Amino acid sequence: MLVAGLLGGAISGLAVAITTGDTSVQPVKTLSVGSPAPVTDRRTVAAIAAAALPTVVTVDVGGVGDDGSGGTGSGVIISSDGFILTNNHVIASAVASGSPISVRRYQEFGQIQAQLVGRDPQTDLAVLRIPAPTPLPAATLGQSGSLVVGAPVVAIGAPLGLSGTVTTGVVSALDRNPTVPAENGSAPTVLIGAIQIDAAINPGNSGGPLLDALGQVVGINAAIAAVPGHEEQTQSGSIGVGFAIPVDFARSVAQELIATGRATHPYVGASAATVTTGEATAIGGVPGARLVSLVPDGPVARAGLRVGDVITRIDANTIRGTNDLLVAARLHRVGDKVTVTYVRGGVTATTQMTLQEQQN
């Protein structure tokens, strides 16, 4: 199992905090969609950095500059009226303690008080807002779905509190689903279809942008891999395997957070167990997600599936286990109809399932 450590930048401890701010509903905002990520046509790293650095902020939470008990993360301005996208784990402890959060813009020493617009622990995303008396420089959100393995990428953030740090690398893999450890008693988070990169990212990079060769945001840096046997060392440095949340996914969550202060989560309404290829061979079955229990009147139950059925596919997504089942649901919206392929008693069948919102 792949285990990743959160990059929430605890530079001098983890006592971070934020005010909840105004939770009133914001007008629906449609965030831009940029060009496909290039493979050959590209800008120089210097040109990308020059254009992107003014859109990247350092997020300071809880006691920074006082007793050294605060933490540092990163964020990226996604609209000129002051909305900032970051990771939920950067500000998670802040919500609990009620301490303020401040933002420092590139090459500016002054701290700007930030308001929490909304956060979503399940996807590890949060949106902040700062005042914008005049339009702020905003990043262009690209298309993470256009990335290919080997494509060049640039990461910007505040690793170890060093604001405005630029690192480079390539996309080393796509569609990873690493499980990141729980913090403050919360449940572990599965990063959905994460982009794996070898660009150096370290504690403090969390929430900062991953850029393609045109300088467009294609991901939000979120986690680094932990050496097997040392998963508890969640604040270790980069070992050359990092993960970013794809912007195609982050964009839709950010739009929901801006509009309503919360994000909805489609689910299948069942508990499942992974059937590995080895197990399937041993019992003469198929690999996939075997249904263990169903939520009464939930999506799976309404679709006519039963305990013991093995789901092998949802639309075009192959289901190899429980994580894939979770990922396939979250890649859709509440109310979407999907085609489920399953095996019952050795017979393969398909059915239509309408996804519902998970209530807890």
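All residue numbers refer to position in the chain's written sequence, counted from 1. Owing to the predicted nature of the model, reporting of local features is limited to residues with pLDDT of at least 70; listing and counting of side-chain atom pairs is limited to 80 or more, with chain, interface and lining totals taken over all residues. With hydrogens and water set aside, each side-chain value is computed from the structure's full complement of heavy atoms.

Take the pattern of salt bridges next. Salt bridges are identified by distance alone: a Lys or Arg side-chain nitrogen within 4 Å of an Asp or Glu carboxyl oxygen. Going through the model one piece at a time under the given rule, you end up with seven salt bridges. Here Glu 357 makes a salt bridge to Arg 262, at a shortest N to O gap of 2.5 Å. Placement of Glu 357 in strand 24 (residues 356-357) and of Arg 262 in the loop between helix 3 (247-260) and strand 17 (266-267) is noted, with a sequence separation of 95 residues between them. Only runs of H or I of at least four residues qualify as helices and only runs of E of at least two qualify as strands under DSSP, and these elements are numbered from the N terminus.

Pairing between strands requires that DSSP locate at least two bridges from one strand to the other. Taken in spatial order, the seven strands line up as 6-5-2-3-4-8-7 in an open sheet, and their pairing is antiparallel. Of all strands in the sheet, those with a lone pairing partner are strand 6 (112-113) and strand 7 (115-120), marking the two edges. Where strand 4 (residues 83-86) lies against strand 8 (residues 125-129), four bridges are found, and the strand directions are antiparallel. Looking at strand 8, one finds that Phe 83 is bridged to Arg 129. The contact definition used throughout considers only heavy atoms, calling two residues in contact when any of these lie within 4.5 Å. The convention used is that axes are lines fitted to C-alpha atoms, helices contributing only their stretch in contact, and that angles between N-to-C directions extend from 0 to 180 degrees. Each of strand 2 (56-61), strand 3 (71-77), strand 4, strand 5 (101-105), strand 7 and strand 8 is contacted by helix 2 (residues 88-97), which is oriented at about 110° to strand 7, the strand it contacts most.

Attention now moves to unusual backbone geometry. For Asp 124, which is not glycine, the phi torsion reads 60° and is therefore positive. Within the secondary structure layout, Asp 124 lies in the loop between strand 7 and strand 8. Here the phi dihedral of Asp 175 falls at roughly 60°; this positive angle occurs in a residue that is not glycine.

With that settled, consider the pairing of strand 5. Counting buried positions over the five residues of strand 5 gives four, a clear majority of the element. Direction of pairing for strand 2 relative to strand 5: antiparallel, over a ladder of five bridges. Following the sheet pairing, Thr 58 is matched in strand 5 by Arg 104. With two bridges joining them, strand 5 and strand 6 adopt antiparallel strand pairing. Residue pairing for strand 6: Ser 102 is matched across the bridge by Gln 113. Relative accessibility thresholds used throughout: buried, under 20% of the residue-type maximum; exposed, over 50%; partly exposed, between the two (1.4 Å probe, protein chains only).

A few words on the side chain of His 265. Mapped onto the elements, His 265 comes out in the loop between helix 3 and strand 17. For His 265, a relative accessible area of 8% corresponds to the buried category. We call two N or O atoms a polar contact when they sit within 3.5 Å, provided that within protein one can donate a hydrogen and the other can accept it, with sequence-adjacent residues counted only if both atoms are side-chain atoms. Looking at His 265, its side chain comes within polar contact range of the side chain of Asp 120, at 2.7 Å. The residues touching His 265, leaving out its near neighbours within four places in the chain, are Asp 120, Gln 122, Thr 123, Val 334, Gln 356, Glu 357 and Gln 358.

We now examine helix 1 (residues 45-52). Of the residues making up helix 1, those classed as buried are Ile 48, Ala 49 and Ala 52. Angular distribution of buried residues about the axis of helix 1 spans 95°; they occupy a single face of the element. Structural note: helix 1 exposes Ala 46 and Ala 50 on the side pointing more than 90 degrees away from its buried face. Those residues of helix 1 that are buried are in contact with strand 2, strand 9 (152-157), strand 10 (165-176) and strand 14 (209-211). The directions considered for the arc are those from the helix axis to the C-beta atoms.

Once that is clear, we can look at the nonpolar core. By convention a nonpolar core is built from buried Ala, Val, Leu, Ile, Met, Phe, Trp, Tyr and Cys residues, the set being connected through side-chain atoms within 4.5 Å. Residues Ile 78, Leu 85, Val 127, Leu 191, Val 217 and Ile 245 are the most contacted members of the largest nonpolar core, which totals 39 residues. For this core, the secondary-structure elements that each account for two or more residues are helix 1, strand 4, strand 8, strand 9, strand 15 (217-225), strand 16 (242-246) and helix 3. It is helix 3 that contributes the most residues to this core, seven residues altogether. Every residue in contact with Ile 78, bar those within four places of it in the chain, is listed here: Leu 31, Phe 83, Ile 84, Leu 85, Ala 138, Ala 139, Leu 141, Ala 254 and Ile 258. Counting 17 residues, the second largest nonpolar core, distinct from the first, contains Val 268, Ala 289, Leu 305 and Leu 325.

In this section: the pairing of strand 13 (residues 194-197). Residues Ala 194 and Gln 196 point to one face of strand 13 and Ile 195 and Ile 197 to the other, with burial holding for every one of them. Both strand 13 and strand 16 contribute to a ladder of three bridges, which runs antiparallel. By the bridge assignment, Gln 196 is partnered in strand 16 with Phe 243.

Bringing the confidence of the model for the protein chain into the picture now. On average, residues of the protein chain score 84 in pLDDT, and 84% of them reach the 70 mark or higher. Confidence per residue, as judged by the predictor, is encoded in pLDDT with a range of 0 to 100. Confidence over residues 10-23 falls short of pLDDT 50; this stretch has 58 contacts with residues more than four positions distant or in other chains.

Position of Glu 256 relative to the elements: it lies in helix 3. Spatially, the C-alpha atoms of Glu 256 and Thr 30 are 9.6 Å apart, while their sequence positions differ by 226 residues. The residues contacting Glu 256, other than those within four sequence positions of it, are Gly 261, Arg 262, Ala 263 and Thr 264. Within the structure, Glu 256 has its side chain in polar contact with the side chain of Thr 264 (distance 2.7 Å).

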